[in-house]
Amino acid sequence: FYWVWSHSHEKLDTSLCACLNFSSPLSFLPQKWLQATDLPKEVYQHLAGYVPKIYCLGPNLNPTSEDLLAQLLLQAPLEWYLCGEDPLVGLAKLEKNNQPSQLCGHVFKVGEPTYSCRECAADPTCVLCMQCFLGSVHKEHRYRMTTSGGGGFCDCGDTEAWKKGPYCQKHEPNICDSSQEDPLANLSADMIARTYNIFSIMLKYAVDMLTWDKEDELPHGLEPPERGDTYYCMLFNDEVHTYEQVIYTLQKAVNCTQKEAVSFATTVDRDGRKSVRYGDFQFCEQAKSVIVRNTSRQSKPLRVQVMHSSVVAHQCFALKALTWFSHVIRYSDALRRILCQVGLQRGPEGDNSLVDTLMLCDSKMWKGARNVYHQLYMSSLLMDLKYKKLFAIQFAKHYERLQSDYVKDDHDREFSVTDLSVQMFTVPSLARMLITEENLMTTIIRTFVDHLRHRDLQGRFQFERYTAQQAFKFRRVQSLIGDLKYVLISRPTEWTNRLREKFLEGLEAFLELLKCMQGMDPVVRQVGQHIEMEPEWEAAFTLQMKLTHIISMIQEWCASDDRVLIEAYKKCLTVLTHCHSGFADGEQPITLSMCGHSVDTIRYCISQEKVSIHLPVSRLLAGLHVLLSKTEVAYRFPEQLPLSELSPPMLIEHPLRCLVLCAQVHAGMWRRNGFSLVNQIYYYHNVKCRVEMFDKDLMMLQVGASMMDPNHFLMIMLSRFELFHIFSSADCRKRYNRESANKDVVQQNSTLIEEVLHLIMMVVGERFVAGIGQVESCEELKREIIHQLCIRPMAHSELVKALPENENKETGMEKVIDSVASFKKPGVTGRGLYELRPECAKHFNLYFHHYSRADQSKAEEAQRKLKRQNGEDSALLPPSLPQLCPLFASLVNILQCDVLLGMLGAVLQWAMEPSGGHWSESMLQRVLHLIGMALLEEQQQLESTLDDNEVTFSFTLKISRPGEAPSTSPSILAVLETLQNAPHLEVHKDMIRWILKTVVSIKTMRERTAAAPPPERAGGWQEEMVRDKDKAERKRKAEMARLRREKIMAQMSEMQKHFINENKELFQQSLEELDASTSASLEHSPSSWDSVLVCVGPRRWRGGRGERRQVVTCILCQEEQEIRADGRAMVLAAFVQRSTVMSKNRKRPPHDPESYDPIFMHPDLSFGTHTGSCGHIMHSHCWQRYFEAVQAKEQRRQQRLRVHTSYDVENGEFLCPLCECLSNTVIPLLPLTKTSCSNGEQPGLVQWLNTTSQQIKALHSAHRKAKPTSEYPDHAPPPPEGFRPDHTPINPYSSSIKEMLTTFGTATYKVGLKVHPNEQDPRVPIMCWTSCAYTIQSVERLLVDEQKPLFGSLPCRQDDCLSSLARFGSACWTVSSLATVQSHFIRLLAALLPDPQVENSRCILDVDMFHLLVSLVLSYPAVHCQDSSGLSTDIAELHLLHLVTVAHLVQILLTSIPVELTMEQESGGVEHEEESVCLLYNTLRSHIGSCVYEVSSGWHLWRAVKAGILPFLRGAALFFHHLHGVPTPPELNGASEWEVLCAYLSLPSNLLQLFYSYQEVLEWCSHPSMRQCLQSPETLISFPRESNKLIELPEDYSALINQASSFTCPKSGGDKSRAPTLCLVCGALLCSQSYCCQTELEGEDVGACTAHTFACGAGVGIFLRVRESQVLFLAGKTKGCFYAPPYLDDYGETDQGLRRGNPLHLCRERYRKIQKLWRQHSITEEIGHAQEANQTLVGIDWQHL
Ligand SMILES: [Zn+2]
Ligand SMILES: [Zn+2]
Ligand SMILES: [Zn+2]
Ligand SMILES: [Zn+2]
Ligand SMILES: [Zn+2]
Ligand SMILES: [Zn+2]
Ligand SMILES: [Zn+2]
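Named according to an unreviewed UniProt entry, the protein chain is E3 ubiquitin-protein ligase originating from Electrophorus electricus. Entered under Catalytic activity (unreviewed entry) in the UniProt record, the comment concerning the protein chain runs "S-ubiquitinyl-[E2 ubiquitin-conjugating enzyme]-L-cysteine + [acceptor protein]-L-lysine = [E2 ubiquitin-conjugating enzyme]-L-cysteine + N(6)-ubiquitinyl-[acceptor protein]-L-lysine." Listed in UniProt under the heading Function (unreviewed entry), the comment for the protein chain reads: "Ubiquitin ligase protein which is a component of the N-end rule pathway. Recognizes and binds to proteins bearing specific N-terminal residues that are destabilizing according to the N-end rule, leading to their ubiquitination and subsequent degradation."

As structure tokens, this is what we get:
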């Protein structure tokens, strides 16, 4: 027997092996083990010897080599023993024989996408991994996608988790189902025995070590042969101390750098512990005491242990061993089963199994250890169906202890073993088994209740006495409710007696819990003074909210079994009765009498005594009572129900008090009780709570009322509302005469009357719950959706939010929504909306019980408007209602009872006279609505029965009866008839008319059935209808006219108010129109004498010169001002920013700002300076005043509030005073430069070049002379005739213009180079020219990308900006030193015209020709101003253009000729051009040689040249157009573009002709770096440069999530990134918003995104936060905002935060919109607007993202 390290031997570091001296004893080890009598001892001996030699040998652990050694020396022997042969062979055999179970069990990583099916998942916790999902049937269903928080596994293959399609293709079971077979059957007995042996030893070892709590000792048998004085100072994680505290403390305690401290802290946070010091005991102890001392001040100190290195080593290997188990059992289900068996085996004395031991020590272990063993549990115990059950039982047995440990522990639940509950409790069969066998339901509830300690005298919870720590525990203990929810998720389909028994036992425990809540947090009305301190109320509501779903589920369970329902009802009633016995003291009995009825009740004044909002026991009973009706148990087993014990007045008492409390709060009676009460009332009605609060209270009233005399019910109600005295008095109809005393009281009572009327409506009318009314369950939901959509069209997410959280939300809504609404798709912004179908409007009920007051008035307005638009009556009639169930049938009698009629009559009587505050419109409206309801009820009853006598409802009869003596008041009908014509009731007229009409028709019906055949409709009827119609039509027209008027008025005031801010687009549009019209009139289409428009050169268009005055208005002072060189300066607000939008090389490192020479732009355009403007014009002095004011204001604000604005004033930023557009400087507006039209003969190119080079020589010598240190005597030739280098030209500009020239120049310089402002720097003018060129280039690109014509399509603001930039550029030399600008010109020209006196001239391949052209043209005036020979600048510009064009031609020929000529040659080429381009190309080739390959097709060459140079020509046209204000040619797109463009630029359309007039081309080719450039194609730029795009995004968002889930933080060694963020510009994935990836940037720590923007986007960045599905815009370190992502779900909505989980798909239009913002350089502006609109964005530390 020999043992070879065949595998992975090579990898081993031999020196490491040598020092361990292992080779001889180990080779026979497995053999020895196989024969051993005491195997555990042998193995322990081996571990004792080797583990401390492999692990923990020094402070800097090297895990890879450690793990490799452990693999060879520790794990390999185990595997050999296990297999009895080479594990490579043995494990492969095992894998081959394995019959894997159908469970997928893939454990999710943090951030990995998970999928669930809304249609088929048994509950929302059932999820699939991406792989299984893609192979499942659910991908065609309505699925849901989320990102995993880590932990949890794929449920594919679990038949209980899915109602349909439990298997994906991969996990589909074989036909011969082997799942029932014992997996051990395939294993030899030997193998089983060996596995069993080694697993027992190793698992025990691992458990012992991980639960080991001695710092300096080891378990028996593991003591190291030799032990040194080597210790670790181990720091443990807690959730109390912050990162900063830990980092600070570490720096002090172990004397490390900030960086090391950060790394320690990160590891501690991730793994739960980290050794921070290694050395002898003393050394470590010292660090420990410093850490403890430093962190014990405010809280308990950080946990630190000084541990012996051998202990740490064994713990390391113990973890490794657990990982090894996970690895080995993957080969075979049999091994997995053996591991489970070993783990769950009890000790010899029945003591805890190893699995139990580990679990029970959970809260004592560190995070890393917990994670590893939880993972092992998941891949072993939870994957084996047999042992999952056994484990679940153990888990349930220890449940209470585990939870208590968890509550005391401070780690998040994801690190607690209790988090595994979801894996077991959500399996229905297991949950049910645990309930019956382990009484789990009761255990959970009892454990929960035990943790809520504070009670009042009645045993109710008292949260206000909780300390912070108890509150913290309270939060943690809430997870138990989550467990309870899991257990109850699936309702049993079959009940056993035992299940009934245990469920009812659980219910009893639950009722005990509810009992502690019944009546908690009571409130007493505060009179006189306002309350001093807002009482604590949130805890109670949190509890209620958490329990809401549970209470609903318990009712569902009860409803599924008759016997359980009956028993539950009895138990609930008993508990309620018990509760009431505690409340009743001090309530005196009284008798109420009214309208001939009297009732006994108690005296109870809600406005004076205690009242509580929390009544869960009453509410549960109400729910169960309705279920009695729904399940018909009430009719089938009435004898088993304690119905006779019920006391309706007792049942309604507390719910009624609660409802009255709400009414009184609405009436303003509880104002002094502060916001806490308002909030409670809000939540009481809120969708999160109402199902088990408000809804159930209403139900309880319905329950009570259905069992009482309606008159009695109403009298009690009036009494509790404290309104009884008003309606019971004999002369109540004259109320307003008596009670004019206190206006407040009158007002309060009015509101209360409105509320009581509303409550009556609800008690009678809310019948859409199955069991109360005869409806299907879905009808309730349908009604809810209809009423939401009656308010306004809503997005899917809004509707979802408005619905309570139950299964309806998942799928029920989908079934209903299309039947009531139609979908409207969203545009580029906004979201898709559902609109109510018109035919559903008839279901609208203004008094819908879930409407808040605001909802109600919005809905009322919307519905009235709709009716007007349809030309209908504006009356909002009550809708027809479903029939009540028999148990509730008597509710309708409320509508015709004497007390109600008395109330109705009283209100109507009050309404006879105009209200002086004594009755209210809404009171009347409600009364009319109630009458309408009653009439509809009668009508319905009449229609549905054949025999009239059966109809007991006779409302019409009763309202026709006059009051009885002595009051003898008129009948209600009579009053209504009078009111019909009352002028003060115009708004109610339609309603009253409808009521009267309905009364008539009911009477007709009754007569019809009483008398013989029903008469046809009487003629009078029809006439009336015609009259109605006429009237309606007139009304409609008047209404339309009014609406139109209103709309116009509204528009006007809107415009005045918000000017453009709100109507930005409209504004821009109108400006554009205006601009178009003015330019048309000014530039009157080119006249006949000027047949060709030329923008440059001597032939340039000069029409209208002189007469053209430019007059503009200052937006600040509104004064008009002419633009003149000697006038007051006018400026445009402008924003200068650095840009990489057009960059072709994002790898180029940023320049060093101090030494960078910007004179030549590289053709890769890697960093540019962009100038934009909102186009708003001000006087320079007006702007200065404004800016000073902004500065002062900002200073005050910072002092006072320490908050920042969206703009950085210190950096010169401000918002345009008109449009609030972010700006950081201003551009002066300049008149066109006057150039004298020289008539003299102008020189040709060669002659001009000669003259110019003479001038340059003269300048060189003049500049040298000017320098005092000049060493050489000057022997320069005399300057050319008429050139005077000593001449100083007169500056034509006024002082204010000069000042502004300096301002803008300095700003461009400062921003463009990122330097401190320095107006003397020679680079200032260069930066101005560069910015002009770059901005024009980017505008040209944008127009191409948007497919817009070159001229006429720019918004006016951009036109103005470009003109100002060009004219500014040509004037900026006047404020710089002449010599500086001249030497710039000389250097620029030297690139094309070699000049021996200029050093380091550029190779033409390294120059962007457009930048060169612009700079040359703009710097030339500095030379020209000293010339008096009559040379014109026009001819100079033309020659410069020609020269640069030729250079660009050569540049293109050298760089941009495609290697492969794939394009088919078209016939009809232009032969002349083709020939000459061939000629030029070949000349170049012969000169440069091998770098340029041969091309013989002139057609292809010419094509490539034309395409390459077009952007340049277009840019040049834009430039000269704006510089000289030459009108644009009419035709500049389509086929003739080329010719028109050449003509406009005064170029021959065969550009090669230029080459003939300038033959110096070859000199360029001899530039020393030319060859080098051509040989490095990766940096060579070819023309035309393509526009940059944002990266391609996948169609399906989950592809992105998946991509990001495998992304690891680049700095912390394979860790998952918490906030993976994608740069949309270059596609880089970053680890954002975390400490690990912070870097230092300009002396400040910044997050990965901010750091990235500086390299990738010159400070501006566009990112997609993958896990949040959110776009992030960043600019600089302080600015940022979130932006809607370009991904939409099927409902046309984005899902920022991925909360909804609908599948998301790329919306290309939205993505294009983001791309456009970027290309337009509008990201910063967008951020500015977002921050102005939402101040909270300003406070975010964007630089940390
Ligand atoms: Zn899976
Ligand atoms: Zn699967
Ligand atoms: Zn499905
Ligand atoms: Zn002004
Ligand atoms: Zn503006
Ligand atoms: Zn990037
Ligand atoms: Zn990171």
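Trainee: Can you help me understand the packing of helix α13 (residues 333–344) against helix α16 (residues 385–397) in this one?
Mentor: In a packed pair of helices, the relevant descriptors are the angle between the two axes and the axis-to-axis distance. Here α13 crosses α16 at 20°, and the two axes come no closer than 10 Å. By the angle between their axes, α13 is roughly parallel relative to α16. Our pair here, α13 against α16, has a crossing hand that is left-handed. Counting all contacts with α13, which are made through R337, C340, Q341 and L344, the residues of α16 involved are K386, Y387, L390, F391 and Q394. Here the contact of α13 with α16 is built from residues that sort into five nonpolar, two polar and two charged.

Trainee: How should the coordination of the zinc ion (ligand 2) be read in this particular structure?
Mentor: Reference geometry at the metal: tetrahedral coordination by four donors gives ideal angles of 109.5 degrees; octahedral coordination by six donors gives 90 or 180 degrees. Protein coordination of the zinc ion (ligand 2) is provided by C132 (SG), C156 (SG), C168 (SG) and H171 (ND1), with donor distances spanning 1.9 to 2.3 Å. Classification of the site at the zinc ion (ligand 2) rests on its four donor atoms, whose angles at the metal span 100 to 114°, yielding the label tetrahedral. Separating the zinc ion (ligand 2) and the zinc ion (ligand 1) is a distance of 4.2 Å, and C132 donates to both of them. Pair noted here: C156 is in the loop between β2 (143–149) and α8 (189–210) and H171 is in the loop between β2 and α8, with a separation of 15 residues, a long-range link. Just as C156 is buried, H171 falls in that class too.

Trainee: Help me out: how do you make sense of the side chain of H787 in this one?
Mentor: Topologically, H787 is positioned in helix α35 (residues 777–791). There is a polar contact of 2.8 Å between the side chain of H787 and the backbone nitrogen of N845. Beyond its immediate sequence surroundings of up to four residues, H787 is in contact with H843, F844, N845, F848 and Y851.

Trainee: How should I be thinking about the packing of aromatic side chains in this particular structure?
Mentor: Between two aromatic rings, the relevant description is the distance of the centres plus the angle of the planes. Following the criterion strictly, the structure yields 47 aromatic pairs and no others. Aromatic side chains Y377 and F391 sit 5.4 Å apart centroid to centroid with 75° between the ring planes, which places their arrangement in the edge-to-face category. Of the two residues, Y377 is situated in helix α15 (residues 367–379) and F391 in helix α16; the sequence distance between them amounts to 14 residues. Side by side, Y377 and F391 carry an identical accessibility label, which is buried. Ring geometry for W1248 against Y1420: centres 6.1 Å apart, planes inclined by 55°, an arrangement best described as tilted. Of this pair, W1248 sits in helix α47 (residues 1245–1266) while Y1420 is found in helix α52 (residues 1409–1424), placing the two residues 172 residues apart along the sequence. Across the pair, Y1420 and W1248 agree in class, each one buried. One aromatic cluster is present, formed by Y373, Y377, F391, F395, Y399 and F425 through successive ring pairs. When the ring centre of Y406 is taken as reference, the NZ or CZ atom of R476 above it lies at 4.2 Å. Against the face of Y604 rests R657, its NZ or CZ located 3.4 Å from the ring centre.

Trainee: Just to check I follow, could you spell out the coordination of the zinc ion (ligand 3) for this structure?
Mentor: The protein atoms that coordinate the zinc ion (ligand 3) are C117 (SG), C120 (SG), H138 (ND1) and H141 (ND1), at distances spanning 1.9 to 2.3 Å. Of note is the zinc ion (ligand 3), whose four donor atoms meet at the metal with angles of 99 to 116° in an arrangement that counts as tetrahedral. Between the donor residues of the zinc ion (ligand 3), the gaps in sequence give the motif C-x2-C-x17-H-x2-H. Across this residue pair, the class does not change: C117 and C120 are buried.

Trainee: Looking at this model, I keep getting lost on the sheet that holds strand β17 (residues 1620–1623). Mind explaining?
Mentor: Strand pairing in a sheet takes place through backbone hydrogen bonds and is either antiparallel or parallel in direction. The strand order across the open sheet built from five strands is β18-β17-β21-β22-β23, with neighbouring strands paired in antiparallel fashion. Unpaired on one side and paired on the other, β18 (1629–1631) and β23 (1679–1683) mark the two borders of the sheet. In this sheet, neighbouring strand axes are inclined to one another by 30° on average, regardless of whether the strands run parallel or antiparallel. Pairing of strand β22 (residues 1670–1675) with β23, which is carried by five bridges, proceeds in the antiparallel orientation. Bridge pairing in β23 places F1673 opposite C1681. Contacts from helix α60 (residues 1597–1605) reach β17, β18 and β21 (1660–1665) within the one sheet, and its direction differs from that of β21 by about 100°.

Trainee: Whenever I open this one, the confidence of the model for the protein chain confuses me. Can you help?
Mentor: Fine structural detail should not be taken from predicted coordinates in areas where pLDDT scores are low. Averaged over the protein chain, the pLDDT score is 84; the fraction of residues at 70 or greater is 88%. Between the elements of the protein chain, mean pLDDT differs from a low of 40, seen in helix α45 (residues 1064–1082), to a high of 96, seen in helix α30 (residues 694–706). Confidence drops under a pLDDT of 50 for residues 1052–1091, and excluding neighbours within four residues, the segment shows 27 contacts in the predicted structure.

Each value, and the rule that gives it
Residues numbered from 1 in each chain as written. Chains lettered and ligands numbered in written order. Predicted model: local features only at pLDDT ≥ 70, side-chain atom pairs only at ≥ 80, totals over all residues. Heavy atoms only, no water. UniProt positions renumbered as here; feature names shortened; annotations may be inferred. Axes fitted to C-alpha atoms, helices over the stretch in contact; angles between N-to-C directions. Helix = DSSP H or I, 4+ residues; strand = E, 2+ residues; numbered from the N terminus. Parallel < 35°, antiparallel > 145°, perpendicular 65-115°, else oblique. Left-handed = near helix turned anticlockwise from the far one by under 90°. Contact = heavy atoms within 4.5 Å. Nonpolar A, V, L, I, M, F, W, Y, C, P; charged D, E, K, R; others polar. Donors = N, O, S within 2.8 Å, 3.2 Å for Na, K, Ca; no water. Tetrahedral: all angles 85-135°; square planar, octahedral: opposite > 155°, others 65-115°. Buried < 20%, exposed > 50% of the residue type's maximum accessible area, 1.4 Å probe, protein only. Polar contact = N/O pair within 3.5 Å; in protein donor to acceptor, adjacent residues only side chain to side chain. Phe/Tyr/Trp six-rings, centres within 6.5 Å; stacked < 30°, edge-to-face > 60°. Lys NZ or Arg CZ within 6 Å of the ring centre and 35° of its normal. Pairing = 2+ DSSP bridges. pLDDT = per-residue confidence, 0-100.

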